[in-house]
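Tertiary structure, described
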Amino acid sequence: MNAPVIRIEDLATRFGEVWIHNGLNLEVARGELVSLVGGSGSGKTTLLRQVIGLLLPNRGSIELFGEPLFGGGVARERALRQRFGVLFQHGALFSAFNVFDNIAFPLRELKRYDDDAIHDLVMLKLSMVELLPRHGNLMPSELSGGMVKRVALARALALEPELLLLDEPTAGLDPDRSDSFVRLIRMLSEELGLTVMLVTHDLDTLAALSTRVAVLAEQRILAYGSTDEIMRIDHPFIRNFFLSERSVRALQHSGFAPLPH
Amino acid sequence: MSLARIELTEQQGGRLIRLAGRWTLATTSLRATELAAEMDVAANGDGTWDCTSIEALDSAGAMLLWRGWGRTFPPVLLIRPEHRRVFERIDHADHEPRAKPPPLSPLHGVMVIGSASIGVLRHLLDFVALIGQFGLNVVHVFRFPAELPRREISANLFKSGVRAMPVTALVGFLIGVVLSYLSALQLKQFGADIFIVNIIGLGIVRELGPVLVAILVAGRSGSAMTAQLGVMRVTEEIDALATMGVPRGLRLIFPKVVALTIAMPLLVLWATSIALIGGMVSAQMQLDISYGFFFQTLPRVVPAANLWIGLAKGAVFGMFVALVACHFGLRVRPNTESLSSNTTASVVSAITVVIILDAIFAIATRGIGLPN
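In this convention, every chain numbers its residues from 1, walking through the sequence in written order. Here the convention is simple: chains get letters from A, ligands get numbers from 1, in the order in which they are written. Restriction of local features to residues with pLDDT of at least 70 applies here, the model being predicted, together with a cutoff of 80 or more for giving and counting side-chain atom pairs; totals for whole chains, interfaces and linings are based on all residues.

Now for the overall build of chain B. Under the scheme used here, helices are H or I runs from DSSP no shorter than 4 residues and strands are E runs no shorter than 2 residues, and both carry numbers assigned from the N terminus. Scanning chain B from N- to C-terminus turns up 13 helices and four strands. Here the globule rule reads 2.2 Å times residues to the power 0.38, and the radius of gyration is calculated from C-alpha atoms. Computed over its C-alpha atoms, the radius of gyration of chain B comes to 35 Å, more than 25% above the 21 Å expected for a compact globule of 372 residues. Seen along its three principal axes, the alpha-carbon backbone of chain B occupies a region of about 115 × 60 × 45 Å. Contact definition: two residues whose C-beta atoms, as placed from backbone geometry, lie within 7 Å. Across chain B, the fraction of contacts at a sequence separation of at least 24, relative to all contacts at a separation of at least 6, is 85%.

Now for the overall build of chain A. From N to C terminus, chain A includes ten helices and ten strands. Expected size for 261 residues packed as a compact globule is a radius of gyration near 18 Å; at 19 Å, chain A falls within 12% of this value. In terms of principal-axis extent, the alpha carbons of chain A reach across some 60 × 45 × 35 Å. In this scheme every C-beta is placed from the backbone, and a residue whose C-beta has 20 or more other C-beta atoms within 10 Å is buried, one with 12 or fewer is exposed, and one in between is partly exposed. Looking at chain A as a whole, 41% of its 261 residues are labelled buried.

A regular strand carries its side chains on alternate faces of the sheet. All names here are of chain A. Every second residue of strand 6 (residues 84-87) is oriented toward a common face, with Phe-84 and Val-86 on one face and Gly-85 and Leu-87 on the other, all of them buried. The pairing of strand 6 with strand 7 (residues 163-167) spans four bridges and is classified as parallel. Its bridge partner lying in strand 7, Leu-87 is registered against Leu-166. A pair of strands counts as paired when DSSP detects no fewer than two bridges linking them.

Source of the domain bounds: an automatic or database domain assignment. One can read the domain layout of chain B as domain 1 (5-94) and domain 2 (128-364). Each of domain 1 of chain B and domain 2 of chain B has a C-alpha centre, and the two are 69 Å apart.

Residues and elements named next belong to chain A. The four strands lie next to each other as 2-1-4-5, forming an open sheet whose pairing is antiparallel. Every other strand in the sheet has two partners, leaving strand 2 (18-28) and strand 5 (67-68) as the edge strands with one partner each. As paired strands, strand 4 (residues 59-64) and strand 5 are joined by two bridges and run antiparallel to one another. Within the sheet, the bridge partner assigned to Leu-64 lies in strand 5 and is Glu-67.

Now for the packing of helix 5 (residues 108-143) of chain B against helix 10 (residues 248-287) of chain B. All names here are of chain B. Between helix 5 and helix 10, the least distance of the axes is 10 Å, while the angle of their chain directions is 95 degrees. In terms of orientation, helix 5 and helix 10 fall into the roughly perpendicular class. For the pair formed by helix 5 and helix 10, the contact residues are Gln-133, Phe-134, Asn-137 and His-140 on the first element and Gly-249, Leu-250, Ile-253, Phe-254 and Val-257 on the second. Taken together, the residues of the contact of helix 5 with helix 10 break down into five nonpolar, four polar and no charged. Orientation is described by axes fitted as lines to C-alpha atoms, over the contacting stretch for helices, and by angles from 0 to 180 degrees between their N-to-C directions. Here roughly perpendicular refers to angles of 65 to 115 degrees, roughly parallel to angles under 35, roughly antiparallel to angles over 145, and oblique to all remaining angles. Under the scheme applied here, ten amino acids are nonpolar (Ala, Val, Leu, Ile, Met, Phe, Trp, Tyr, Cys and Pro), four are charged (Asp, Glu, Lys and Arg), and all others, including Gly, are polar.

Let us now look at the nonpolar core. Take the buried Ala, Val, Leu, Ile, Met, Phe, Trp, Tyr and Cys residues, join any whose C-beta atoms are within 7 Å, and the set you get is a nonpolar core. One finds Leu36(A), Ile103(A), Ala154(A), Leu165(A) and Ala62(B) to be the most contacted residues of the largest nonpolar core, which totals 91 residues. Examining the composition of this core, we find that seven residues originate from one element, helix 4 (residues 115-128) of chain A, more than from any other. Apart from residues no more than four positions distant in its own chain, Ala62(B) is found in contact with Trp23(B), Leu57(B), Val86(B), Phe87(B) and Ile90(B). Residues Ala184(B), Val258(B), Ala283(B) and Leu330(B) belong to the second largest nonpolar core, which totals 56 residues.

What follows is about the interface of chain A and chain B. How big an interface is tends to be stated in terms of the accessible area lost upon association of its parts. Between chain A and chain B, the residue contacts involve 23 residues of the former and 24 residues of the latter. For the side of chain A that touches chain B, the per-class residue count stands at 13 nonpolar, five polar and five charged.

Our focus in this paragraph is the environment of Ile131(B). Tracing the backbone shows Ile131(B) in helix 5. Each C-alpha atom, one on Ile131(B) and one on Thr344(B), is 21 Å from the other, the two residues being 213 residues apart in sequence.

Before going further, it helps to spend a moment on the environment of Thr9(B). Residues and elements named next belong to chain B. Mapped onto the elements of the fold, Thr-9 is located in strand 1 (residues 5-11). When the 11 C-beta atoms within 10 Å are taken as the criterion, Thr-9 is described as exposed. Separated by 305 residues in sequence, Thr-9 and Gly-314 have C-alpha atoms that sit 86 Å apart.

This part takes up the sheet that holds strand 3 (residues 48-57) of chain B. All names here are of chain B. Spatially, the four strands line up as an open sheet ordered 1-2-3-4, and their pairing is mixed. On the outer flanks of this sheet lie strand 1 and strand 4 (77-78), each paired with one strand and no other. As paired elements, strand 1 and strand 2 (residues 14-23) share seven bridges and run antiparallel to each other. Bridged to Glu-10 within strand 2 is Arg-15.

Below, the structure written as structure tokens:
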């Protein structure tokens, strides 16, 4: 039980002639909320997609809960995939299903619950993400951006995952919605004891959510630690990312006081 | 991993029901029915519920207990605070206002018929508007020839014309062979062998050629046009064009309609020729009718007017296939279901429209080009 939730060892990825990652190592312990930051094109989303098994790295190994992602038969791979939930950047809701059926889908796929039980569980998930039962009848095209994210979160939580992976959870939301969504993720991850890994550009989100920050630069994890520790590191990217005028304002707002530079 | 367990013990002062193990989705879902049955037995009668030995609890496991308890907390319950919160969340969800289905109106039947009729009417109106828009675009291009979308027309000509040549040739050839073969069997019985040229010539040039090509093009290019416009709507590309001041009618619909109106007669000519060759080959093999005789007889028994009718049909069919495809493409709403249903509707409607137009042509040209 004490294996790290995510263990990435000596990972390397190449797109054509360009090495995106080379010798990347990362371990995420149970209960951590890790933010993955990095410049555009540094391979954050690629890394996330490798962790959830959508992309294969060119070299290296990725283990979730101490088990490799691939191999060992369909049943084992499937069981492992039920232990994590993913919130895609644009929600990736099934546009042909309404909200209720979107959340019910993974539960129905289990083929172990009857309709009544599924109904109860879906209503519970809706209430957890602060949506009302009547929202269940809406189609994804009728939802606002914030609601799409909430429904997608409810669907990601449907199978009671231990690990939640978020790709840009607050991208495309206005500051108010983004704040309340961050609060929701934080509350749920505390209550459900989730381990969370998120990719983000947004310093407010990063400061409010993460217990640790992983900086992806120079094809590897350049630094991994608490926000305070990261900000003390003298590196052009980090200085740029955390100590620009805009960032300082955002961080002070959330209670961090970066060192004067 | 320890499984979810329910342990019943009788003590003085009542029953003690001890819940232990892991009550999570992974451990309970496989035995959901058995556990629910056990819960029913345990919940039957008073007792003290001891949940303190539960190792792990998630909302799926909690929901199982909650349903066993009859959706309320049992009177005597020992529970850890963090587990209590899980149940409180379910309790909270239970008290959300239920979604009420809208009441069924007594005039429901009338409304269904009415809204279906309005839907059909709206389709027709939109289609007429699309034709009108196309007409305006034609006038516009005549007034400002510089705005003719040449590149788009040429790209569409290539895509729906040149690329369709192999498949139309194959189908045309086989239809020619089949028609000739079947006719030959009948004609042999009456000794009317030489009439094979009339049958094949008239049938293919006037009727089968244009209709077959139109059906192939509706399935091939019509569906592609609907899907392309549909996806452009879903991804807001059409809106982006509109904000740049590029009229969608002129840039997206006009080139498709013009290209197909030009490409279809050419395809008809191509497919008809190949079908005639197929028929000729088959007639030679079945009835010993020489190629030379076939070539000589054909222009005599099939007046040139038939070819013009066939080509005119091709142009009209092409125009309507493209218009129908664009009509349905613009109706796609941003979801996958709508995309697939509109693409299907586009192909089915295009083929139906082609058949209807063909019937109109048959009536309108009944005195032209037929040998008396």
